[in-house]
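Survey of secondary and tertiary structure
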Amino acid sequence: MKFRMLALVFGLMGPQVAAADLAVEIRDSGGQPVPNAVVSFAPKFTLTQPVPASASAEMRQEGTMFSPFVLPVQVGTTVSFPNFDEFRHQVYSFSKPKRFELRLYGQDESKTIHFENSGVVALGCNIHDNMLAYIYVSEHPIVAKTGEDGKVLVQSLEPGEYDIHIWHPDLASGADPILKSVSVSADGRTVSGQINLRSIRSIQQPPAEDDYN
Amino acid sequence: MLAFRFRTKLTVVYLALFLAVMGIILLAFYRSVTTNVEDQTRDQLAASARVFERIVNYRVRTLGESVTALAQDYGFREALGTDDKPTVISALQNQARRLEADMAVITDIDGNPIAALLDGEATTAMPMISDDLKQMAERNGVASRMVSVDGRIFELVLTAVRAPVPIAWVAFGVELDKATAQDIKGLSPIELEIGFLYRAEGQQYQVASATSHADALSDFLKTSQPTDEAFRATFMNQEHMFRHLSLVSGDDGNEISALLYYSMDTALAPYDPLVITMVTVLVLSLLLLIAGSVVVARGVTKPLTNLASAARQIAEGRYEEVETESRGDEVADLTSSFNQMISAVKEREKQITFQAYHDPETGLRNRLMFDKMIQQEIDQSDSFVLVIAEVQQLPELRTVLNHQNINDLIKGVARRIEKVADTEVARVSTEAFGFLVRDAEDAETRASLVLNSFMTPFDVADIVIDASVKLGLVKFPGDGEDGATLLRHGQAALDKGRGAPRGVAWYDPDRDSSQKARLSMMSELRGGLKNGEVKFAYQPKLDLESGKITAVEALIRWISPSRGFVPPDDFIPMAERTGDIRHVTDWALRQAIMQAADWRARGLNLAVAVNLSTNDLMNQNLPAQILALLREHDLPAEFLKLEVTESAVMHDMARALDVLNMLSAMGLALSIDDYGTGYSSLSYIKKLPVGEIKIDKSFVLNLAKSDEDNILVRSTIELGHNLGLSVTAEGVEDEDSIGRLREYGCDVVQGYHIARPLPPAELEEFLKESEYGPA
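An unreviewed UniProt entry lists chain A under the name Plastocyanin, from Kordiimonas lacus.

For chain A, the count of helices and strands is zero helices and 18 strands. Counting the 213 residues in chain A, one finds 36% classified as buried. For chain A, contacts bridging at least 24 residues in sequence account for 64% of all contacts bridging at least 6.

Scanning chain B from N- to C-terminus turns up 26 helices and 27 strands. Relative to its 775 residues, chain B shows a buried fraction of 35%. For chain B, long-range pairs separated by at least 24 residues make up 61% of all intrachain contacts whose partners lie at least 6 apart in sequence.

Taken together, the 13 residues of chain B in the interface contact eleven residues of chain A. Elements that contribute at least two residues to the side of chain B that touches chain A include exactly α2 (74–81) and α4 (131–140) of chain B. Broken down by element, the side of chain B that touches chain A gets its largest block of residues, four residues, from α2(B).

Predicted confidence across chain B gives a mean pLDDT of 84, with 97% of residues reaching 70 or more. Per the prediction output, this complex has pTM 0.47; the corresponding ipTM is 0.74.

Before going further, it helps to spend a moment on helix α12 (residues 403–421) of chain B. Residue and element names in this part refer to chain B. Taking 1.5 Å as the rise per residue, α12 with 19 residues should run 27 Å; its terminal C-alpha atoms sit 27 Å apart, in good agreement. Among the residues of α12, those classed as buried are L409, I410, V413, A414, I417 and A421. Along α12, the residues classed as buried sweep out an arc of 135° about the axis, all on the same side. Those residues of α12 hidden inside the fold are in contact with β12 (384–391), β13 (425–427), β14 (432–437), α13 (443–453), β15 (458–460) and β16 (463–465). Where α12 ends, the next residue or the one after it, D422, has phi of about 55°, a positive value.

With that settled, consider the environment of B:E733. Locating B:E733 in the fold gives a position in the loop between β26 (726–729) and α25 (735–744). Distance in space between the C-alpha atoms of B:E733 and B:G751 is 5.7 Å, their sequence separation being 18 residues.

This brings us to the sheet that holds strand β8 (residues 77–82) of chain A. Residue and element names in this part refer to chain A. Taken in spatial order, the three strands of this open sheet run β4-β8-β11, and their pairing is mixed. For this open sheet the edge positions go to β4 (56–58) and β11 (110–115), each flanked by a neighbour on one side alone. Strand-to-strand twist across the sheet, computed as the mean angle between neighbouring axes with direction ignored, equals 25°. Two strands pair when backbone bridges link them, and β8 and β11 are joined in this way by six bridges, in the antiparallel orientation. Within β11, the residue paired with T78 across the bridge is H114.

So, about unusual backbone geometry. Note that the residue after A:S67, namely A:P68, is joined by a cis bond; omega there is 0°. In this chain, B:F476 is followed by B:P477 through a cis amide linkage whose omega measures -5°. In this structure, B:P477 sits in the loop between β17 (469–476) and α14 (483–499). Phi at A:T64 takes a positive value of approximately 55°, unusual for a residue other than glycine. Tracing the backbone through its elements, the reader meets A:T64 in the loop between β5 (60–61) and β6 (66–67). For A:T64, a count of 21 C-beta atoms within 10 Å puts it in the buried group. Despite not being glycine, B:M236 shows a phi value in the positive range, around 55°.

Attention now moves to the pairing of strand β19 (residues 534–543) of chain B. Residue and element names in this part refer to chain B. Most of β19 is tucked away: seven of the ten residues are buried. Strand direction decides the pairing type here: β19 and strand β20 (residues 548–560), joined by ten bridges, are antiparallel. Each bridged residue has a counterpart across the sheet, and for P540 the counterpart in β20 is V552.

Attention shifts here to the sheet that holds strand β4 (residues 142–149) of chain B. Residue and element names in this part refer to chain B. Taken together, the six strands give an open sheet; going across it, the order is β3-β2-β1-β6-β5-β4, and neighbouring strands pair in antiparallel fashion. Pairing within the sheet leaves two strands with one partner each, and these edge strands are β3 (121–122) and β4. With six bridges connecting them, strand β1 (residues 103–108) and strand β6 (residues 166–175) associate as antiparallel partners. Residue pairing for β6: T107 is matched across the bridge by W169. Taken strand by strand, helix α3 (residues 85–99) contacts β1, β2 (113–118) and β6, and its axis lies near 30° from that of β2.

All names here are of chain B. Looking only at α25, the buried set comprises S737, I738, R740 and L741. Each buried residue of α25 lies within a common arc of 165° when the element is viewed along its axis, so the set occupies one face. In α25, those exposed residues whose orientation departs by more than 90 degrees from the buried face are E735, G739 and E743. Residues of α25 that are buried sit in contact with α23 (697–700), α24 (707–722), β26 and β27 (748–749). Remark: G745 follows α25 within two positions and exhibits a positive phi of approximately 95°.

Another point: the nonpolar core. Membership of the largest hydrophobic core comes to 112 residues, with the highest contact counts inside it found for A:L123, A:I135 and A:Y136. It is helix α1 (residues 2–72) of chain B that provides the largest number of residues to this core, a total of eight residues. In contact with A:L123, other than residues within four places in its own chain, are A:M59, A:F66, A:V91, A:S93, A:L132, A:A133, A:Y134 and A:I135. In this structure, B:F536, B:I626, B:L630 and B:L688 belong to the second largest nonpolar core, which totals 69 residues.

β6(B) sits mainly inside the fold: eight of its ten residues count as buried. Hairpin connection between strand β5 (residues 152–162) of chain B and β6(B): a loop of three residues separates the two successive antiparallel strands.

Attention now moves to the packing of α12(B) against α13(B). Residues and elements named next belong to chain B. Taken N-terminus to C-terminus, the directions of α12 and α13 make an angle of 140°; their axes are 9 Å apart at the nearest point. Judged on the interaxial angle alone, α13 and α12 are oblique. In the packing of α12 onto α13, the handedness of the crossing is right-handed. Contacts between α12 and α13 involve R416, I417, V420 and A421 on the former and, on the latter, R446, L449, V450 and S453. For the contact of α12 with α13, the residue count by class is five nonpolar, one polar and two charged.

This brings us to the environment of B:V12. Here B:V12 shows up in helix α1. Spatially, the C-alpha atom of B:V12 lies 8.7 Å from that of B:I290, the residues being 278 residues apart in sequence.

We now examine the environment of B:L451. Residue and element names in this part refer to chain B. By the element assignment, L451 lies in helix α13. On the basis of neighbour count, L451 is assigned to the partly exposed category, with 19 C-beta atoms found within 10 Å. Setting aside residues up to four positions removed in sequence, L451 forms contacts with V469, L471, R502, G503 and V504.

The rules we used
- All residue numbers here refer to positions counted from 1 along the written sequence of the relevant chain.
- Whichever chain is written first is A, and whichever ligand is written first is 1; the rest continue in order.
- This being a predicted model, a pLDDT of at least 70 is required before a residue's local features are given, and a value of 80 or more before pairs of side-chain atoms are given or counted; all residues contribute to the totals for chains, interfaces and linings.
- Where helices and strands are cited, they refer to DSSP runs of H or I of at least four residues and of E of at least two residues respectively, numbered from the N terminus.
- Whether a residue is buried, exposed or partly exposed follows from its count of other C-beta atoms within 10 Å of its own C-beta, namely 20 or more, 12 or fewer, or something in between, respectively; the C-beta atoms are built from the backbone.
- Contact between residues is assigned whenever the C-beta positions, reconstructed from backbone atoms, fall within 7 Å.
- Note on scores: pLDDT gives the predictor's confidence for each residue, bounded by 0 and 100.
- Expected span, for any helix, means 1.5 Å times one less than how many residues it has.
- Taking the helix axis as origin, the arc is that swept by the directions to the C-beta atoms.
- For two strands to be treated as a pair, DSSP must find no fewer than two bridges joining them.
- Between N-to-C directions, angles span 0 to 180 degrees; the directions come from axes that are lines fitted to C-alpha atoms, helices contributing only their stretch in contact.
- Note on terminology: a nonpolar core is any set of buried Ala, Val, Leu, Ile, Met, Phe, Trp, Tyr and Cys residues joined through C-beta atoms within 7 Å.
- In this scheme, roughly parallel covers angles under 35 degrees and roughly antiparallel covers those over 145, while 65 to 115 is roughly perpendicular and the rest are oblique.
- Handedness of a helix crossing follows the sense of rotation of the near helix relative to the far helix, less than a right angle counterclockwise being left-handed and clockwise being right-handed.
- As a working rule, the residues Ala, Val, Leu, Ile, Met, Phe, Trp, Tyr, Cys and Pro are called nonpolar, Asp, Glu, Lys and Arg charged, and the rest polar, with Gly in that last group.

Below you can see the structure in the form of C-alpha cells.
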C-alpha cells in the first residue's frame, strides 16, 4: 500500500495576549492543499475559559450526497440528519463509536443522533451506495477542519502547550498522528510534521447522472 | 522376344510416368492435408483458448456480480459490522451454495481471516490474496485471479465489503476442474483435451485437472514441460498438437496455465476414407494402365511379329507378302517397304538362281542344273538313259576361232542336239553336253540321230565349221543310283566312246573297274619312284657310220612287289592323265643325268636319251630344271638327249615350241619319237628345233618282209636327210634289217638285234665285250 505524505504547516498568527488565532495549513507532499482534515487540540493545561461546546451539528442529505463530507464534533454533540432530497435515505453506521440506523426518512424530515463516544463514525446510506460521510467525534475541546484551500483558522486559542491530533479519511489504519506538546504562544511561529495517508482516497462520489432522477 | 521386350519397355515407361505423377499428387495431397489439418488444429486450439478465456471471464463476471451483491447486502454488512461471526459464516455458506462456488473466503480489512469455506465446509486452507489484487478490487470494485490451493486451481473473485468504508474482503472461487474443462471442450468443434496446470516458483508444472487421462498427462509433464505457446509432441503414443495458455504468472512466482491439446491422428482420421479411396483409385488406374499399355504395345508389336514371321519365311525361301490392318501409319509404311523388299528379293533370287544354273557365256543350262535334272528324273522315272556328248576338235578350233565364235558354236551345237534328241540339254563341261532320254529303248536311236546330225557343218559368223561328236551312254537304274555316279560313269562311257568306231559307247562296268585299279596304281607308282622299284633300262643306239655305240635310250622299268612287271604303256598314259607324270619326269631326268655323269666320270662317254611327255612340254620351268640338274652333276648338255612324240608337240604346238626352243638353245639334242604313227608331217617338223627323227618300230619290225615298209622307211630317211635331220630306226631285230637300213642311209639303229634294254651294270659289261663298244 502506498502512502501519500501530508505536510502540516502550522502558522500561529496574530499578536494577542489573552488568546491567539492559529492558522493551520495542510498540504500533501506535492504541495497540494489537503481539505477535510480534522485538527483537534488537546491542551496540556487547564483551559482558563472552557470552550463553549457546540450543542448541535448538522449532516445534510442533499443531492444524494452527505454534506459535509467530514463533520468534526465534540463528544456529547447531537447531530441532526435533515433530508433535502425528495426521496428517502436510510442512513446507517457500523462504526464502533456509534452504531445506528435511521430508517427511510423522507424529505425535510430530520432525525438526530447523539454521539457520546469519541471516534470516527463512517456514514452510509443503505439505498445509495455512493453516499459517504464521516463524523469525527472528538474528546478534545477544540476541533477544526481544513477547507478546500487546506487551511483552517483556529481563533482565540489560549497560549500554552497542546497535543495536536490530525485525522483524515485517508489516514492509514492505526492511531491518529499526534503532534505532541506544541506550544502555542502569542508570537507567530511555524511547526511542521508528517502523517501517512492511503493512496486510495476516500471521497464521496456524486450520484451517477441518471441513477436516481 | 523382341515383341515382349518392346511391350515391357512401353509398359514400364508408362508405369514409371504414372507412378511419378501419382507420387507427386499423393505427396501434394499428403502435404496439403497435413498442413491443412495442422492449421485447422492450431486455429481450433487458438479458438478454444479464446473460448476458454471468454468462459472464464464470463464466470468471473457472474461470480463478481454475485460477490458484489453479497458485499452490498445490508444484512451481511450489518452482521460483519456488528462482528456477528455465525451470521457472517452462514450467509457466506448460503451465498456460496447459491453461486455454486467451490470456495468462499472472508477476511477483515487487514487480511486476517474471518471465515473460509471449501466445498461448503469450513477450512483453514486460505488462498493467497495479494495486496495488488486488493488494490485492484478497491479500484475496480471486483478483482479476479486464479489461485492454486492444495493442488486445485480456483478462479477467485474478490471484492471489498463497504460499510460504507471497506470493512472486510470477501472472495468466492470456482474451481477449474474436470467439469470446467469438459464444458470448454464441449464448446469446441473438435475433440480437444484440456488440462489445467499449476506450478510453484522453480518447480515443475503439475496437473490440477484434465478432461481425461490426467495421470497420463501428469506423467507426460514429468518429461516434457511446456515452454512454447504452441508445440508438438508425442503423447499417449500419438502425435499431438499443444497450445499452452498461461493464465497466471504472479509476482509470487506461482504460475497457472491451461494446456489444450489435440491428437493429430484423430485430426487426420477423417481423411482415412479419402486415403483408402485414393489408394484404390491408384491401384485400379495402375491395372488399367498396364492393361492399356499392353493393348497399345500389342497393337504395335503384332504387325512387327507378322513382319518377323514373314522374314523367317523369307529365310526359308517362301516369299509371301505381309497383310496388315494398319493404314497410313508407320506400320503400314514398314509393311509396304517390306513387301517391296520381298518382290525385289524374289526377282534377284530368280536372277541369281538363273545365273547359278546357267552358263554365263552361252546362257545354256550348266552342270548344276544338269545335276538337278538328273535328280528330278531319278525321283520321277523308273528308268532313263543319261547321255554325255563331247564336241571334238574344240582345242584346234580355238586356235582359229575367237571366243565369241566358240560360244556361238557351242550354242549351235546345243540347239542342234536339243532339236534332234528332243530333250533339254545342259553344258556339263567346256566341251561336253549332257541330256536325258526317258525311254531307254529309244536311247541308241537318239544317239545315232545326234551323231548323224553332225554330218551337217555349223555356220558360225559365216565360217563353215565341221565338228564331230562322241557319245557316252549310262543307264538308270543299273549303271548308277545317284547323279554323281551316273555322271562319272557317263564320262567313263564317253572315254570309251571316243575310241569306238561309231563314236558312241555304253558304260562298261568292267572297264571302269580296271580304270580304278589303275588309279590306285598311281599312288603305288609314286612310292615306287622313291624306293627304287622304278629303274631305267638303257638300250644302246648304234651309229652305223662309225659302227660304235654313242648313245643309249633310257627306258622306264617298274617291278612292283604286288603287280610284278608293269609295262610302261599301262602306267605312263595314266600318269599323264592324273598328273603324276610330273613325278616320273623329275625322277627320270635326275636319274638319267646322274647316270650319264657317272659314266662320263668313269670314261664312258654315252649320251642318255630321255622321253618327255605332253605335260613336260607344257611346263615352262622344265628348261631351268634341266639346266640346274646338269650343273649340279657337271654334265655337258650334249650328253642328254630328249625325245618327244608328235602328238605331245601337237597338243599345244605354240607352248611346246617355246619349251623346245629353250631346250635346243641350251644345247640339248631333241628327237621326234615314234615318227610315223601320228601326223608324220615333215612340214611342221621343219619348224621344230629337232636334230633327229626316230622311225617307229612298227615300220622297222617287218622290214625284211614288207616292201611297203621298205618304201616308207627309205623315203622317210631320205626326207629326213633332206631336212638335215639325223634318222634313227627303232625295232631292229635282225641282221637283214641292219643291212637294208645301212643301204638306205639310216644314221642310227636301235633294237634287240643290237641289244635289249639293259641295267647299267650289264650295259657296261656288254659294251666291254661288244665290237660296238665306244672307242
